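Next come the chains, spelled out residue by residue.
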Amino acid sequence: MKKFLAAVLAAMMLFSFAACGGGGGKEEGTIKVGILGPHTGDLAVYGLAVRYGAEMYFNKVNEAGGVNGKKVELVVYDDQGDSTMAVTGFTSLVDSGIVALVGEVTTGNCRAVVDEAYPINMPMVTASATATSITYDEDTKTVFTNVFRTCFIDAYQGSKMADFAFNELGAKTAAVFYLSGDDYTQGLAQAFVDKCVENGMSVVAQEAFSSGDVDFNAQLTKIMKAAPDVVFLPNYYEDDGMIVTQARKLGLTCTLLGGDGWAGIEKYASAEDLEGCFYASAYAAGSTPELKAFEDEFKAKYGEDYLNTFAATAYDAAMVVCAGLEAAEKSGAEVGSDEYKKAVIEGIRTGSGSVKGLTSPSGYSFDEFNNPEKDVVIITLKDGVPTYHMNY
Amino acid sequence: MSTFSLIIKQIINGLQLGSIFALVAVGYSMVYGIIRLLNFAHCDIIMVGAYIAWFFMANFANMPLIAVAASILGCTLLGVTIEKVAYKPLRSSPRISLLITAIGISYLLENTAQLMLGAAAKKVPGFFTVETIRIGQVTVSTASLVTIAVLAISMVLLTLLVQKTKLGRAMRAVSEDAETAQLMGTNINGTISFTFAVGSALAGIGSVLYCCAYPQVSPTMGSMLGLKAFVAAVLGGIGSIPGAMIGGFMIGLTEVFVSAIGLSTWKDAVVFLILIIILLVKPSGILGKTVSEKV
């Protein structure tokens, strides 16, 4: 009897120790992720879109039991749009023990944070910084291997549109007509031409115009002589509206393509001139059931003011971060250690293909400069109304 | 498309562009001829005319003739008002004061338009129901044919006005020697106002043709157009109406030719290079009179 009592007591003590241990483990068992961006000030509309979009996904993960049974704890810092504050904020987030960061939001601040994050190999996923310099330093030829993004870089649309023209429209020949002296338009034009050549299409005309030009007839006549299957116009909507109108007046009937600079073009060219043209975009509201559900939920929780492209790409950024966290948990490394961060980065790099993102249901992969290969949304013009065509 | 039709098309492109330059350049030249003023506000009168055309086309799209009439009338009134309010009080002042006033008026019009209508461009609905016409193998836009035809008619009428009517004789007399003309009984103020009215009416026609060809209006649309038309006027010989026309066509064809050989981003540079060469080689222009200064 005494023996039995002793055994029971011992068992109870063991149990209570275990309970203690369990309690302590729960405290250590959270994974801290930082969210950094402008949540007040002029840029708050972008910063809050990113913050709320990311929060929405992490909350869902936590409700479903967390990553490998561990809850994700978000540490939020508002940089007020200031680059010094962004760096201070990043340091304070690192001190609080984050293992990954969603952010920075603006290109300038993001670049400042990258300079701090690269030496300590802190995994970063930005949802909104589009400049190439965020992941690649041209001068030192360094790729910032710890930095990823879920928004595409501008020029990427050019190569996507070339693929679209080749695979979906069956184009064999193409022409490009772009604004010279502008990084955006030249970048898109170059990427388009490179991809066309890679696909074995022939680029039959490459014409340019200067800022402020209104007469494009001479160049368009040359393009007509070359008779391409498609013409890519990677410019802004006012210029492209004028180009489309003049091209149709001259009798150029082929399919015209554009980048996201076309958003709003329907006000600058007639419905019949634009009929059947395509342009690339990052986001089309309500285009897929998943996106629609996200938008409804976002509106209910945070209101309509912050619902924009970046809310969706931030949701995707959170998904990409979680893909990295899962891989790191599997590796068995201690949360917060250098090995853990390395495993997160490796996990993002190799595991993002299965991420069914809102803006890229076919997943994310990253090229040698850590720029994402993901879906773009193809918009077509029907009766003068931009209409969702497909994710490509 | 054959090379022949390519060349024909490019020539039509050049003539269309040239016609618009010519109409603006004639306005510059007439005013310069009569009061020796480079009326820099001229190109902004075109901008106002284009906004009037836009307003009427956007609201009464089925009546393009109303838009044409309103914009010619609007430009004429604006031109005469500017002359009465801004230039007339300065007629005896040094010419530099007039020039600066003209630049001031130009900025005033541009910024007023920007304040009232915003800086973004506005789309002008199409004037023609049939956009393109096919002649043999060549498809040309209705706008370019109408532009060239309207320019030709305007120039014939303007030449008749200047050479065959009493008002035209008064204009020529004032431009030759204002004081003597006044002594001979010419109404100088009336003649100058009339010249502004005719020049501005041409600007009105130009603005409508501009809207047909390049259907967007913006507050700063006049500045580059004005500069190029100025080059055209200098090239043809400023003060000479046929000279302005020739200059306009030459600049239009040059721009298209430069673009056609693949140097489209250089075309502005080429146009201004022509200005520099003309000023160095023959400052009086192709048809300008060489005036010898009395010492």
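Visitor: A description of the overall build of chain A should follow, citing residues and the corresponding values.
Guide: When you go through chain A residue by residue, the secondary structure sums to twelve helices and 16 strands. Taking the principal axes of its C-alpha atoms as reference, chain A extends roughly 105 × 45 × 40 Å. Per-residue burial over chain A gives 50% buried out of 392 residues. Taking contacts inside chain A between residues at least 6 apart in sequence as the whole, the part at least 24 apart equals 69%.

Visitor: Tell me what's going on with the overall build of chain B, and back it up with residues and numbers.
Guide: Secondary structure summary: chain B contains eleven helices and four strands in total. Its C-alpha atoms give chain B principal-axis dimensions of about 60 × 45 × 35 Å. Taken across its 295 residues, chain B has 50% of its residues classed as buried. Of all intrachain contacts in chain B linking residues separated by at least 6 positions in sequence, the fraction that spans at least 24 positions is 76%.

Visitor: Describe the domain arrangement of chain A, naming the residues involved and giving the relevant values.
Guide: Considered domain by domain, chain A is made up of domain 1 (30-152 + 287-375) and domain 2 (156-281). Computed from C-alpha atoms alone, the centre-to-centre distance between domain 1 of chain A and domain 2 of chain A is 33 Å.

Visitor: With reference to specific residues and values, describe the sheet that holds strand β15 (residues 377-382) of chain A.
Guide: All names here are of chain A. In space, the seven strands of this open sheet follow the order β9-β8-β10-β11-β12-β15-β16, with mixed pairing throughout. At either margin of the open sheet sits one strand with a lone partner, and together these are β9 (202-209) and β16 (385-391). Here the average twist between neighbouring strands, direction ignored, is 25 degrees. Judged from the three bridges that link them, strand β8 (residues 173-179) and strand β10 (residues 230-233) form a sheet pairing that is parallel. Looking at the pairing, A175 lines up with V231 of β10. Relative to the sheet, helix α6 (residues 183-198) contacts β8, β9 and β10, its axis offset from that of β8 by approximately 165 degrees. Across the sheet, helix α8 (residues 237-250) lies against β8, β10 and β11 (255-258), angled at about 175 degrees from β11, the strand it touches most.

Visitor: I'd like a description of the interface of chain A and chain B, backed by residues and values.
Guide: Opposite the 26 residues of chain A that make contact, chain B presents 24 residues. Broken down by secondary-structure element, the contributors of at least two residues to the side of chain A that touches chain B are β9, α7 (217-226) and α8 of chain A. The residue inventory of the side of chain A that touches chain B, partitioned by class, reads eight nonpolar, ten polar and eight charged.

Procedures and definitions
Residues numbered from 1 in each chain as written. Chains lettered and ligands numbered in written order. Predicted model: local features only at pLDDT ≥ 70, side-chain atom pairs only at ≥ 80, totals over all residues. Helix = DSSP H or I, 4+ residues; strand = E, 2+ residues; numbered from the N terminus. Buried ≥ 20, exposed ≤ 12 C-beta atoms within 10 Å, placed from the backbone. Contact = placed C-beta atoms within 7 Å. Domains from an automatic or database assignment. Pairing = 2+ DSSP bridges. Axes fitted to C-alpha atoms, helices over the stretch in contact; angles between N-to-C directions. Nonpolar A, V, L, I, M, F, W, Y, C, P; charged D, E, K, R; others polar.

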